[in-house]
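Fold and geometry: a report
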Amino acid sequence: MRRIAVVGAGPAGLTIAQELRRLGHDGEITMVGAEPYPP
């Protein structure tokens, strides 16, 4: 299983996570960010 960490939970980080799923990544995606609101 592959794990990916996305640093930044703003719009760019969310876009990357969505794109990873669209491209078939079925492993764990962890988003790390200091934003005061969810992506």
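The name an unreviewed UniProt entry gives the protein is FAD-dependent oxidoreductase, with Actinomadura nitritigenes as the organism.

1. Quick word on the overall build of the protein
The helix and strand tally for the protein stands at 1 helix and 2 strands. Reading the protein from its N terminus to its C terminus gives the helix and strand order β-α-β. Overall, the C-alpha framework of the protein stretches about 30 × 15 × 10 Å when taken along its three principal axes. Put simply, the protein has 39 residues, and 21% of those count as buried. Carbon and sulfur atoms make up 59% of the accessible area of the protein, which amounts to about 3,100 Å² in all.

2. Some points on the UniProt feature "domain: FAD/NAD(P)-binding" (unreviewed entry) in the protein
As annotated in UniProt, the feature "domain: FAD/NAD(P)-binding" (unreviewed entry) corresponds to residues 3-35 in the numbering used here. Along residues 3-35, the helical share is 36% and the strand share 30%, with 22 Å between the first and last C-alpha atoms.

Parameters and conventions
Residues numbered from 1 in each chain as written. Predicted model: local features only at pLDDT ≥ 70, side-chain atom pairs only at ≥ 80, totals over all residues. Heavy atoms only, no water. Helix = DSSP H or I, 4+ residues; strand = E, 2+ residues; numbered from the N terminus. Buried < 20%, exposed > 50% of the residue type's maximum accessible area, 1.4 Å probe, protein only. Areas by Shrake-Rupley, 256 points an atom, 1.4 Å probe, with all protein chains shown as cover. UniProt positions renumbered as here; feature names shortened; annotations may be inferred.

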